[in-house]
Amino acid sequence: MTENSKPLKDRVALVTGASRGIGAAVSVRLAELGAHLILVARTKAGLEEVDDKIRSIGGTATLTPLDLSQGVKINQLGSALFERYKKLDILIGNAGLLGTLGPINHIDPKVWQQTMDVNLTANWWLIRSLDPLLRQSSSGRAVFITSTAGHRSRAYWGVYAVSKAGLEMLVKTYAHEVEKTNINVNLFNPGGTRTRMRAEAFPGEDPMTLKTPEHIADQIVKMTLPSYAVNGEIVTAVNPK
Ligand code: NAP
């Protein structure tokens, strides 16, 4: 790969939920385009696997095993990144969990709390602690991963849907607040994609009928380029032909 094919050279990118699925695929693609990756998730083995892939294509990554339901740890991460890099160019708020599928009145309070903590509140903590770093970038780009469930109500998707609806409002509000800065912030809705979460939601489905995370990685990465001028939108994945 030539230098010209590395438009993200010298850029620092943080991806949450980087240990597998969509986050892993996006991380590898960002690294391929030259970015240095900060990989965040709980599962060290998964992060190491992604790191191996990144190294094999000549990229670099820093592994950050972290439980995103602990907001104070996200704050500490922000301080550590400031010490080391002084800026953040790309933030991908991707980590998420399904919680549980079932009637609203049957949701276990612990599951409710955990789902809201990871899908919604962790992204608020990320914005809170990383906004000053994104402002130091010549073109800070943030993309948060949402779902159709976040804007189309249906029975039994309660806690997941509420957490994603909250995420959409959080991100759109933040987008207004950074309108006059170098930061652009958007949402991406991948639609049905072949990952562990999708299999948990639709256990009877044949995963081979679904697009892979690699299929949509490029669409997300496009939203992180300095030339990407859109702000405050929900972009929906285009399915492969
Ligand atoms: P996945 O394969 O299950 O990956 C989820 C990621 O989130 C994992 O890397 C997981 O890492 C991380 N995560 C979960 N809880 C965490 C915590 N407490 N702290 C840190 N990291 C945590 O699912 P996916 O499909 O790739 O999901 C990625 C995003 O796409 C999610 O926001 C999801 O809502 C969204 N989405 C997916 C689909 C789909 O069809 N797949 C459709 C619409 C939207 P660890 O377990 O290692 O911590």
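Report on the accompanying structure. Fair warning: this is a prediction, and the values are worked out from it, not measured in the lab. (Residues numbered from 1 in each chain as written. Predicted model: local features only at pLDDT ≥ 70, side-chain atom pairs only at ≥ 80, totals over all residues. Heavy atoms only, no water.)

### As for the nonpolar core
Part 1: Counting residues in hydrophobic clusters, the biggest one holds 35 residues, and the most contacted among them are Leu14, Leu81, Leu88, Leu91, Leu130, Phe144 and Val185.
Part 2: By residue number, the principal contributor to this core is helix H4 (residues 109-135), which donates nine residues.
Part 3: Those residues in contact with Leu88 that lie beyond four places of it in its chain are Val12, Ala13, Leu14, Leu130, Leu133, Leu134 and Ser137. (Core = buried A, V, L, I, M, F, W, Y, C linked by side-chain atoms within 4.5 Å. Buried < 20%, exposed > 50% of the residue type's maximum accessible area, 1.4 Å probe, protein only. Helix = DSSP H or I, 4+ residues; strand = E, 2+ residues; numbered from the N terminus. Contact = heavy atoms within 4.5 Å.)

### Things to note about the sheet that holds strand S4 (residues 90-93)
Part 1: What the seven strands build is an open sheet, ordered S3-S2-S1-S4-S5-S6-S7; its pairing is parallel. If you trace the sheet from one side to the other, it starts and ends with strand S3 (60-65) and strand S7 (234-236), each paired once. The mean angle between the axes of side-by-side strands here comes to 20 degrees, regardless of whether they run parallel or antiparallel.
Part 2: Inspection of the sheet shows strand S6 (residues 184-189) paired to S7 by three bridges, in the parallel sense. Each bridged residue has a counterpart across the sheet, and for Leu187 the counterpart in S7 is Ile234.
Part 3: Across the sheet, helix H2 (residues 44-56) is in contact with strand S2 (36-41) and S3; its angle to S3 comes to roughly 175 degrees. (Pairing = 2+ DSSP bridges. Axes fitted to C-alpha atoms, helices over the stretch in contact; angles between N-to-C directions.)

### Quick notes on the packing of helix H1 (residues 21-32) against H2
For any two helices packed against each other, one specifies the inter-axial angle together with the distance between the axes.
Part 1: The N-to-C vectors of H1 and H2 enclose an angle of 25 degrees; their axes lie 9 Å apart at closest approach. In terms of orientation, H1 lies roughly parallel with respect to H2. Crossing angle aside, the handedness with which H1 passes H2 is right-handed. Contact residues: Ala24, Ser27, Val28 and Ala31 in H1; Val50, Lys53 and Ile54 in H2.
Part 2: Partitioned by chemical class, the residues of the contact of H1 with H2 number five nonpolar, one polar and one charged. (Parallel < 35°, antiparallel > 145°, perpendicular 65-115°, else oblique. Left-handed = near helix turned anticlockwise from the far one by under 90°. Nonpolar A, V, L, I, M, F, W, Y, C, P; charged D, E, K, R; others polar.)

### Digging into the site of the ligand
Part 1: Close contacts around the ligand come from 30 residues, with Arg42, Thr43, Asn94, Tyr160 and Thr195 the closest.
Part 2: Ser19 is positioned such that a nitrogen or oxygen atom in its side chain is 2.8 Å from an oxygen atom of the ligand.
Part 3: Interatomic distance of 2.9 Å between a side-chain N/O atom of Asp67 and a nitrogen atom of the ligand.
Part 4: Compared with its free state, where it exposes 890 Å², the ligand has 96% of that area covered by protein.
Part 5: Contributing elements (two or more residues each) for the shell around the ligand: H1, H4, helix H5 (158-177) and helix H6 (196-201).
Part 6: Of the residues belonging to the shell around the ligand, the class tally is eleven nonpolar, 13 polar and six charged. (Near = heavy atom within 4 Å. Polar contact = N/O pair within 3.5 Å; in protein donor to acceptor, adjacent residues only side chain to side chain. Areas by Shrake-Rupley, 256 points an atom, 1.4 Å probe, with all protein chains shown as cover.)

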